[in-house]
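Take a look at the letters that make up each chain.
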Amino acid sequence: MFNYTFGGDEFLYVEVDEKGMSLEAFFQAMAICSKLKEMHINGITEICAANASYMIRFDPDVIHYQKVLSLLKDLEKEITINNAELQTRVIEFPVFYQDPYTYETLMRFRDHHQVMAEDSTFNKNTTDIEYAAAINGYKNVEDFIEAHSQNPWFVSMIGFVAGLPWLYQLVDRQKQIEVPKYLKARIDTPKLTIGHGGCFGCIYAVRGGGGYQMMGITPAPVWDPEQKLEYFKDSMVFLNPGDIIKFTPCTKEQYENFVKQVEDGTFKLKIRNANFSLAEWKKDYKAYNKQILEVLNG
């Protein structure tokens, strides 16, 4: 059952699932927000999707708060996990795993990490990705990278800092990669680091503090106030809730070449439109993931 909470005279916050976060809750929130945008309701001025929740802003001089509440409750009944679909984008991001940039940073903040805890059985020089592979039961880092990059990721929300996407991998819960955040947050993280904390992945849009384990780095900007690259033509924030991301490993040479392309303004991402059905995904997620990623080759 949804939980509705008013914030002052202009905001209405909706929790989609009080039991906790799940792909079903993320997806239903996205689908409702997408429907709301399509309806173009006079008086609703902002729609913001988040993890298993969403918030709207409305003008009480234009639309009564009870009408807003009634409208959202109607959408709760209309759009369920069994019939919700999203028109979205599938986007391929190159990732340089085990790169020297995040390595230098993680070693600089090793005393903030779990491997340095008094009861740790790990070597103090264990890297973040080695640690993540071990605690998730993978034989080696190569197997972990395959699992991290083979199945796509769902953008559940944008936040924390400008343009940063929260990512949830499209696999069964038992297959979810889960790692704790650093025991003590870092005061530095390289720009465009691929991070992971709890069940969420992310792309650090800018350089700054952080506590997620660092898996690698992408050359592809996700936030650019100057909108230099072609894919920023519509917004300085590139990704949207509901987007689907495919990480593809790249070499050091490929990464450096991509960075040069970013600098000279010629870098492009592979972006394709697609329709995503949660009901179809739940029937056979492996087959559906393969099908949804095939659009990248079209």
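Data block above holds the structure.
Just so you know, these numbers come straight off a predicted model, no measurement behind them.

Chemist: Explain the overall build of the protein chain to me, please; I cannot follow it from the model alone.
Modeler: Helix and strand counts for the protein chain stand at eight helices and 12 strands. Counting only C-alpha atoms and orienting by the principal axes, one finds that the protein chain spans roughly 60 × 45 × 40 Å. Relative to its 298 residues, the protein chain shows a buried fraction of 49%. Carbon and sulfur atoms make up 49% of the accessible area of the protein chain, which totals about 14,900 Å². Averaging the positions of the 31 positive and the 40 negative side-chain charges in the protein chain gives two centres separated by 2 Å.

Chemist: Would you take a moment to explain the packing of helix α4 (residues 128–135) against helix α5 (residues 141–150) for this structure?
Modeler: A pair of packed helices is captured by two measures, namely the crossing angle of their axes and the spacing between those axes. Across the interface, α4 lies against α5 with an axial gap of 9 Å and an inter-helix angle of 85 degrees. It follows from the interaxial angle that α4 and α5 lie roughly perpendicular. Within the contact between the two elements, α4 uses Ile129, Glu130, Ala132 and Ala133 and α5 uses Val141, Phe144 and Ile145. Split by residue class, the contact of α4 with α5 holds six nonpolar, no polar and one charged.

Chemist: Can you walk me through α5 in this structure?
Modeler: Three- or four-residue spacings in an α-helix give side chains the same orientation, since the helix completes a turn every 3.6 residues. Among all positions of α5, only Val141, Phe144, Ile145, Ala147, His148 and Ser149 are buried. The residue sitting at the N-terminus of α5 and contributing the capping side-chain oxygen is Asn140; that oxygen lies 3.2 Å from the backbone nitrogen of Glu142.

Chemist: Which parts of the structure should I look at to understand the pattern of salt bridges?
Modeler: Here the idea is simple: oppositely charged side chains can pair when their charged atoms come close. The tally for this structure, following the rule as stated, stands at 12 salt bridges. Put simply, Lys282 and Glu24 hold a salt bridge, and the shortest N to O gap is 3.5 Å. A residue pair is termed long-range when its members are at least 10 positions apart, and Lys282 in helix α7 (residues 278–283) and Glu24 in helix α1 (residues 23–39) qualify at 258 residues. With a relative accessible area of 44%, Lys282 lands in the partly exposed category.

Chemist: Help me understand the pairing of strand β8 (residues 193–197) in this model?
Modeler: Every regular strand shows the same layout, with side chains that alternate between the two sheet faces. Taking burial as the measure, the five residues of β8 include five buried ones, the bulk of the element. Here β8 shows a buried face lined by Thr193, Gly195 and Gly197 and a second buried face lined by Ile194 and His196. In this structure, β8 lies alongside strand β9 (residues 200–203), joined through four bridges in antiparallel fashion. For Gly195, the partnering residue across the bridge sits in β9 and is Cys202. The turn joining β8 and β9, which pair antiparallel and follow one another in sequence, is formed by two residues; a positive phi near 65 degrees is taken by Gly198.

Chemist: Explain the sheet that holds strand β3 (residues 44–50) to me, please; I cannot follow it from the model alone.
Modeler: Two strands in a sheet stick together by hydrogen bonds in their backbones, pointing the same way (parallel) or opposite ways (antiparallel). Pairing is antiparallel in the open sheet, where four strands are placed in the order β1-β2-β4-β3. Of all strands in the sheet, those bounded by a partner on one side alone are β1 (3–7) and β3. The mean inter-strand angle of the sheet, taken between neighbouring strand axes irrespective of direction, is 15 degrees. Bridge analysis of β3 against strand β4 (residues 53–58) gives six bridges, and the strand direction is antiparallel.

Chemist: Would you explain the nonpolar core in this entry?
Modeler: Nonpolar side chains in soluble globular proteins tend to be buried together. Core analysis: the largest hydrophobic core is formed by 51 residues, its most contacted members being Leu12, Leu36, Tyr54, Ile56 and Leu72. Looking at this core, the element that brings in the most residues is α1, giving 10 residues. The contact partners of Leu72, leaving out residues within four places of it in the chain, are Tyr4, Leu12, Val14, Leu36, Tyr54 and Ile56. Within the second largest apolar cluster, 35 residues are counted, among which are Ala220, Leu229, Phe232 and Leu269.

Chemist: Would you take a moment to explain the pairing of strand β2 (residues 11–15) for this structure?
Modeler: Side chains Leu12 and Val14 project from β2 onto a buried face, and the interleaved Phe11, Tyr13 and Glu15 project onto a face without burial. Bridge count between β1 and β2: five bridges; the pairing is antiparallel. Note that in β2 the partner of Phe6 across the bridge is Leu12. Where β1 folds back onto β2 in an antiparallel hairpin, the turn is made up of three residues, including Gly8, whose phi is positive at roughly 65 degrees.

Thresholds applied
- Residues numbered from 1 in each chain as written.
- Predicted model: local features only at pLDDT ≥ 70, side-chain atom pairs only at ≥ 80, totals over all residues.
- Heavy atoms only, no water.
- Helix = DSSP H or I, 4+ residues; strand = E, 2+ residues; numbered from the N terminus.
- Buried < 20%, exposed > 50% of the residue type's maximum accessible area, 1.4 Å probe, protein only.
- Areas by Shrake-Rupley, 256 points an atom, 1.4 Å probe, with all protein chains shown as cover.
- Lys, Arg positive; Asp, Glu negative; His and termini not counted.
- Charge placed at Lys NZ, Arg CZ, Asp CG, Glu CD.
- Axes fitted to C-alpha atoms, helices over the stretch in contact; angles between N-to-C directions.
- Parallel < 35°, antiparallel > 145°, perpendicular 65-115°, else oblique.
- Contact = heavy atoms within 4.5 Å.
- Nonpolar A, V, L, I, M, F, W, Y, C, P; charged D, E, K, R; others polar.
- Polar contact = N/O pair within 3.5 Å; in protein donor to acceptor, adjacent residues only side chain to side chain.
- Salt bridge = Lys/Arg side-chain N within 4 Å of Asp/Glu carboxyl O.
- Pairing = 2+ DSSP bridges.
- Core = buried A, V, L, I, M, F, W, Y, C linked by side-chain atoms within 4.5 Å.

Everything listed is a geometric property; what it means functionally is a separate question.
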